[in-house]
Protein chains: 2
Amino acid sequence: MTEECLCGLHNKLAKKVKAKMLDDDILFDIAEVFKIFGDSTRMKIIYALKLSELCVLDLAYITGSTQSAISHQLRILKQASLVKSRKDGKVVFYSLKDEHVIKLFEIGREHVEEL
Amino acid sequence: MTEECLCGLHNKLAKKVKAKMLDDDILFDIAEVFKIFGDSTRMKIIYALKLSELCVLDLAYITGSTQSAISHQLRILKQASLVKSRKDGKVVFYSLKDEHVIKLFEIGREHVEEL
DNA sequence: CTTACATATGAATATGTGTTCATATTTGAA
DNA sequence: TTCAAATATGAACACATATTCATATGTAAG
């Protein structure tokens, strides 16, 4: 932990950068958001919901996963404020919560397509 | 797997959406990129490199991790084409590879700060 | 050539996580 | 009320992964 590069040249720079770093808590929270996107099942769900509001079984059909797996993932997505839900009788419809979700997806897609 | 919602209303919609879905491979690759961002150590590295080009030991000092841990993570970041490296004698300097990395970080940060 | 520094790497460990399976809950219909 | 459909949930399992520790590699200096 906290080893220091001995070349005096870097020590000053490193201390400057360390002073400008965001709080660990904030960087941790940002990483947590990306972690949610970092699963192919959740990514499928997000892309499907980008196309339309959908219920759980339809999402399971579209993604090729089980109802249970999708339900678990939807709970995670909802806790992370990435999707919202609307109940209509027995059916629960899910949709994306805001524009950030779409923006993040689009930039991620751009990055992948440029490799 | 591939269960279908029995309410005939949804079946048509679900099939439409399924037809419009991106290939699994692409969605998988996008998820892989986000997975790289979804770790607080790597997020610290990315933010530090956003401020300045840095060598391994300086990154270890700045992030409060060991040299070994940082070296392992830098390898992952490099394989994902998120950082590049430049060798100068014994020292290896790392920096961000392109603008997408910064864009993704900024939008992730925006999302977190609006919660 | 020997030493010291910066980095990389492999194995082991511990921890986190996604899926499955069984089952509970909720709601509408018969 | 009884049944079936849609969803949610908990436990168990399998798998991935981040860190640590020891050590190897490469490089410059003495």
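The following paragraphs examine the structure supplied in this document.

Rules used in this analysis
Counting restarts for each chain: residues are numbered from 1 in the order of the written sequence. For naming, the first written chain is A and the first written ligand is 1, with later ones following in the order written. For this predicted model, a pLDDT threshold of at least 70 governs which residues receive local features, and a threshold of 80 or more governs which side-chain atom pairs are given and counted, while totals over whole chains, interfaces and linings are taken from all residues. With hydrogens and water set aside, each side-chain value is computed from the structure's full complement of heavy atoms. At least two DSSP bridges between two strands are needed for those strands to be called paired. Helix and strand definitions follow DSSP, with helices as H or I runs of at least four residues and strands as E runs of at least two, each counted in order from the N terminus. Only a single heavy atom is needed: when it lies within 4 Å of a molecule or strand, its residue is near that molecule or strand. Each polar contact in these results corresponds to two N or O atoms within 3.5 Å; when the atoms are within protein, one needs to be able to donate a hydrogen and the other to accept it, and residues that are neighboring in sequence are counted only if both atoms are side-chain atoms. Least squares is the method used to superpose the copies, on C-alpha atoms of residues holding a pLDDT of at least 70 in both. In what follows, residue pairs with any heavy atoms lying within 4.5 Å of each other are defined as contacts. Definition of nonpolar core: a set of buried residues of the types Ala, Val, Leu, Ile, Met, Phe, Trp, Tyr and Cys, connected through side-chain atoms within 4.5 Å. Only protein chains enter the calculation, and the probe is 1.4 Å; a residue is then buried if its accessible area is under 20% of its type maximum, exposed if over 50%, and partly exposed in between. Aromatic pairs are defined between Phe, Tyr and Trp rings, using the six-membered ring for Trp, whenever the two ring centres lie within 6.5 Å; interplanar angles under 30 degrees are classed as stacked, those over 60 as edge-to-face, and all others as tilted. The rule is short: NZ of Lys or CZ of Arg within 6 Å of the ring centre and within 35 degrees of the ring normal puts a charge over the ring. When two components associate, each loses some accessible surface as probed by a 1.4 Å sphere; the sum of these losses over both components is called the buried area. For this analysis, a salt bridge means a side-chain nitrogen from Lys or Arg found within 4 Å of a carboxyl oxygen belonging to Asp or Glu.

**Some thoughts on the sheet that holds strand S2 (residues 83–88) of chain B**
Residues and elements named next belong to chain B.
Item 1. If you trace the three strands from one edge of the open sheet to the other, you get S1-S3-S2, paired in antiparallel fashion. The open sheet is flanked by strand S1 (54–55) and S2, the only strands paired with a single partner.
Item 2. Relative to strand S3 (residues 91–96), S2 is paired through six bridges, and the arrangement is antiparallel. Each residue of the ladder has a partner; that of Arg86, found in S3, is Phe93.

**Concerning the protein's contact with DNA strand D**
Item 1. Neighbouring residues of DNA strand D: 28 residues in total, closest Ser68 and Tyr94 of chain A together with Thr41, Ser68 and Gln73 of chain B.
Item 2. Backbone atoms, meaning sugar plus phosphate, form 65% of the atoms of DNA strand D positioned within 4 Å of the protein.
Item 3. Contacts to DNA strand D include Thr41 of chain B, whose side-chain N or O atom sits 2.5 Å from a phosphate oxygen.
Item 4. The separation between a phosphate oxygen of DNA strand D and a polar side-chain atom of Gln73 of chain B is 2.8 Å.

**Some remarks on the protein's contact with DNA strand C**
Item 1. Surveying the vicinity of DNA strand C reveals 28 residues, the closest of which are Thr41, Ser68 and Gln73 of chain A together with Ser68 and Tyr94 of chain B.
Item 2. For DNA strand C, the backbone makes up 66% of the atoms found within 4 Å of the protein, where backbone means sugar plus phosphate.
Item 3. Between a base oxygen of DNA strand C and a side-chain N or O atom of His72 of chain A, the distance comes to 3.2 Å.
Item 4. Take Tyr94 of chain B: an N or O atom from its side chain is 2.7 Å from a phosphate oxygen of DNA strand C.
Item 5. Among the elements of the structure, helix H3 (40–51) and helix H5 (67–79) of chain A together with helix H4 (56–63), helix H5 (67–79) and S3 of chain B are those that each provide at least two residues to the surface near DNA strand C.

**Quick notes on the relation of the copies chain B and chain A**
Two chain copies, one operation linking them: a rotation about an axis together with a shift along it.
Item 1. Of the transformation superimposing chain B on chain A, the axial component is 0.0 Å and the angular component is 180°, with the fit at an RMSD of 0.0 Å. Overall, the copies show the geometry of a two-fold rotation axis.
Item 2. Of the interface residues in chain B, 100% have counterparts in chain A that sit at the interface too, so the contact is made through matching surfaces.

**A few points about the environment of Val92 of chain B**
Item 1. Residue placement: Val92 of chain B occurs in strand S3.
Item 2. When neighbours within four sequence positions are excluded, Val92 of chain B is seen to be in contact with Leu54, Cys55, Val56, Ser85, Arg86 and Lys87 of chain B.

**Some details on the pairing of strand S3 (residues 91–96) of chain A**
Residues and elements named next belong to chain A.
Item 1. Here strand S1 (residues 54–55) runs beside S3; their pairing, made up of two bridges, is antiparallel. Following the sheet pairing, Cys55 is matched in S3 by Phe93.
Item 2. Adjacent in sequence and paired antiparallel, strand S2 (residues 83–88) and S3 are bridged by two residues, among which Gly89 carries a positive phi angle near 70°.

**Comments concerning the nonpolar core**
Item 1. Judged by nonpolar contacts, the single largest core of 70 residues is most densely connected at Phe37 of chain A together with Phe37 of chain B.
Item 2. Those residues within four positions of Phe37 of chain A in sequence are excluded, and the remaining contacts are Met43, Ile46, Leu82, Val101, Leu104 and Phe105 of chain A together with Ala31 and Phe34 of chain B.

**Here's the deal with the packing of aromatic side chains**
We describe a pair of aromatic rings using the distance from one ring centre to the other and the angle between the two ring planes.
Item 1. Applying the stated criterion to the full structure yields five aromatic pairs over all chains.
Item 2. Ring centres 5.4 Å apart and planes at 40° place the aromatic pair Tyr47 of chain B and Phe105 of chain B in the tilted group. With a gap of 58 residues between them, Tyr47 of chain B in helix H3 (residues 40–51) and Phe105 of chain B in helix H6 (residues 99–113) connect regions that are remote in the sequence.
Item 3. Residue classification places Tyr47 of chain B among the buried positions, given a relative accessible area of 7%.
Item 4. Taking the relative accessible area as the measure of exposure, Phe105 of chain B reaches 0% and is therefore buried.
Item 5. The ring of Tyr61 of chain B carries the charged tip of Lys18 of chain A above its face, separated from the ring centre by 5.1 Å.

**Things to note about the interface of chain B and chain A**
Item 1. Across the boundary between the two partners, chain B contributes 63 residues, which contact 63 residues of chain A.
Item 2. A combined buried area of about 6000 Å² lies between chain B and chain A, and 75% of that area is made up of carbon and sulfur atoms.
Item 3. It is Phe34, Tyr61 and His111 of chain B that lose the most area in chain B upon contact with chain A, and together they represent 13% of the buried surface on that side.
Item 4. Here Lys44 of chain B ties to Asp24 of chain A by a salt bridge, and the two come within 3.3 Å at their closest N and O atoms.

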